[in-house]
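Observations on the model geometry
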Amino acid sequence: MVAFSPDVFARFLAKEDDDPVVMLNLIRFLPDGGRERHLEYLRMAEPILGRFGVRILFRGDGLEVLTTGDVQGWDAVLLVQYPRRTSFKEMVEDTEYQAAFQVGRSAIADIVLQPLKISEHF
């Protein structure tokens, strides 16, 4: 299920808003047509993303996990860059995006959204 943690979302938006943020999306699709519905969502969402200065940096399908332990793989990974934290908030609140989001939501069994701060040092 796709739901934001209200406290974490509020803290995310309360931080400095001058730098871009990259959102790591780890996705598991529902078995019956989830991948196809997600592709439909992306087709609907991409023009909307442009209005907010958002770019998909990477989109890929998960392969078999190479590490051991209690680990599950992901069906897809996306890296999406937002010009500012508030761009993310404005996009998810947009009426047109909400319509596309309902299609995307219907595709997903599980998702992790992890914001990443762009760093010059690793």
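First, a word on what this report is: a plain description of the structure on this page. Remember, predicted model here, so these are calculated numbers, not experimental data.

1. Some thoughts on the pattern of salt bridges
- This structure, assessed with the given rule, holds five salt bridges.
- For R51, the salt bridge goes to E96, with nearest N and O atoms at 3.2 Å. With R51 in helix 2 (residues 34-51) and E96 in helix 4 (residues 95-105), this residue pair connects regions lying 45 residues apart in the sequence.
- Assessed through its relative accessible area of 47%, R51 is described here as partly exposed.
- On the basis of relative accessibility, which here comes to 47%, the residue E96 falls in the partly exposed class.
- Residue E93 is joined to K89 by a salt bridge in which the shortest nitrogen-to-oxygen separation is 2.9 Å.

2. Brief notes about the sheet that holds strand 4 (residues 108-117)
- In space, the four strands of this open sheet follow the order 2-3-1-4, with antiparallel pairing throughout. Only two strands of the sheet have a single partner each, and these edge strands are strand 2 (55-61) and strand 4. Shown here is a sheet whose adjacent strand axes are inclined to one another by a mean of 15°, direction ignored.
- By the bridge criterion, six bridges tie strand 2 to strand 3 (residues 76-82) in an arrangement that is antiparallel.

3. Things to note about the nonpolar core
- If you look at the biggest cluster of nonpolar residues, it comprises 28 residues, and the most contacted ones within it are I27, Y41, V54, Y82, F88, M91 and Y97.
- Counting residues per element, the ones that place at least two in this core are helix 1 (6-14), strand 1 (21-29), helix 2, strand 3, helix 3 (85-93), helix 4 and strand 4.
- In this structure F88 touches F4, F9, F12, M23 and Y82, once residues within four positions along its chain are discounted.

4. With respect to helix 3
- Among the residues making up helix 3, those that are buried are R85, S87, F88, M91 and V92. In a view along the axis of helix 3, the buried residues occupy a sector of 160°, so they form one face of it.
- Packing partners of the buried residues in helix 3 comprise helix 1, strand 1, helix 2, strand 3 and helix 4.

5. Things to note about the packing of helix 1 against helix 3
- One can describe the packing of helix 1 onto helix 3 by two numbers: an axis separation of 8 Å at closest approach and a directional angle of 130°. As summarised for this structure, helix 1 and helix 3 are arranged oblique, according to the angle between their axes. Where helix 1 abuts helix 3, its residues F9, F12 and L13 lie against R85, T86, F88 and K89.
- Residue composition of the contact of helix 1 with helix 3, by class: four nonpolar, one polar and two charged.

6. Details of the packing of aromatic side chains
- Summed over all chains, the structure comprises five aromatic pairs.
- Both rings, one in F12 and one in F88, keep their centres 6.2 Å apart while their planes meet at 90°; by these two values the pair is edge-to-face. Within this pair, whereas F12 is found in helix 1, its partner F88 is found in helix 3, the two being separated by 76 residues in sequence. Neither residue differs from the other here; F12 and F88 are each classed as buried.
- With 5.1 Å between their ring centres and 90° between their planes, Y82 and F88 make a pair best called edge-to-face. The residues Y82 and F88 share a single accessibility class, namely buried.
- Aromatic rings pair up to connect F9, F12, Y82 and F88 into one cluster.

Rules of the game
Residues numbered from 1 in each chain as written. Predicted model: local features only at pLDDT ≥ 70, side-chain atom pairs only at ≥ 80, totals over all residues. Heavy atoms only, no water. Salt bridge = Lys/Arg side-chain N within 4 Å of Asp/Glu carboxyl O. Helix = DSSP H or I, 4+ residues; strand = E, 2+ residues; numbered from the N terminus. Buried < 20%, exposed > 50% of the residue type's maximum accessible area, 1.4 Å probe, protein only. Pairing = 2+ DSSP bridges. Axes fitted to C-alpha atoms, helices over the stretch in contact; angles between N-to-C directions. Core = buried A, V, L, I, M, F, W, Y, C linked by side-chain atoms within 4.5 Å. Contact = heavy atoms within 4.5 Å. Arc of directions from axis to C-beta. Parallel < 35°, antiparallel > 145°, perpendicular 65-115°, else oblique. Nonpolar A, V, L, I, M, F, W, Y, C, P; charged D, E, K, R; others polar. Phe/Tyr/Trp six-rings, centres within 6.5 Å; stacked < 30°, edge-to-face > 60°.

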